[in-house]
Amino acid sequence: MTKDQVKEILDRVLTWPADDQEKVARFVREVEQRRAGDDITDEEWGVIEQRAARRDLATDEEVEGVFSRYRKP
């Protein structure tokens, strides 16, 4: 696929409804993370996506608990 063909597809994506554009953006982010050697597995991403769809995410307190373990004193 040429760069021009990729650009044509992306231009068409910009005409799609916002929900569909978000799906494409999520996919692109996943590809970028895999290329960067991200250590989150496909299975873990699946769990994250399922929880996000249900709005079943970590509370502010849970997030702070994790960050506080790794924050420099």
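Right, let's walk through the structure included here. (Residues numbered from 1 in each chain as written. Predicted model: local features only at pLDDT ≥ 70, side-chain atom pairs only at ≥ 80, totals over all residues. Heavy atoms only, no water.)

**Overview of the overall build of the protein chain**
A tally of regular secondary structure across the protein chain gives four helices and zero strands. If you list the helices and strands of the protein chain from N to C, you get α-α-α-α. On C-alpha atoms alone, the protein chain measures out to a radius of gyration of 17 Å, which is more than a quarter above the 11 Å that the 2.2 N^0.38 rule sets for 73 residues. The dimensions of the protein chain, computed from C-alpha atoms along their principal axes, are 50 × 25 × 25 Å. The burial tally for the protein chain puts 4% of its 73 residues in the buried class. Surface exposure of the protein chain reaches about 6,900 Å², of which carbon and sulfur atoms provide 54%. Separation of charge centres in the protein chain, based on 14 positive and 19 negative side chains, amounts to 3 Å. (Helix = DSSP H or I, 4+ residues; strand = E, 2+ residues; numbered from the N terminus. Rg over C-alpha atoms; globule rule 2.2 N^0.38 Å. Buried < 20%, exposed > 50% of the residue type's maximum accessible area, 1.4 Å probe, protein only. Areas by Shrake-Rupley, 256 points an atom, 1.4 Å probe, with all protein chains shown as cover. Lys, Arg positive; Asp, Glu negative; His and termini not counted. Charge placed at Lys NZ, Arg CZ, Asp CG, Glu CD.)

**Describing the pattern of salt bridges**
On inspection of all chains with the given rule, the structure shows four salt bridges. Note that K23 is salt-bridged to D20, the shortest N-O span being 3.7 Å. Of the two residues, K23 and D20 both sit in helix α2 (residues 18-35), three residues apart, roughly one turn of that helix. Given the relative accessible area of 31%, D20 is considered partly exposed. Two residues, R26 and E49, come together in a salt bridge whose shortest N-O distance is 3.2 Å. Separated by 23 residues along the polypeptide, R26 in helix α2 and E49 in helix α3 (residues 42-53) bring together distant segments of the chain. Residue classification places R26 among the partly exposed residues on the basis of a relative accessible area of 30%. On the basis of relative accessible area, E49 is assigned to the partly exposed category, the value being 26%. (Salt bridge = Lys/Arg side-chain N within 4 Å of Asp/Glu carboxyl O.)

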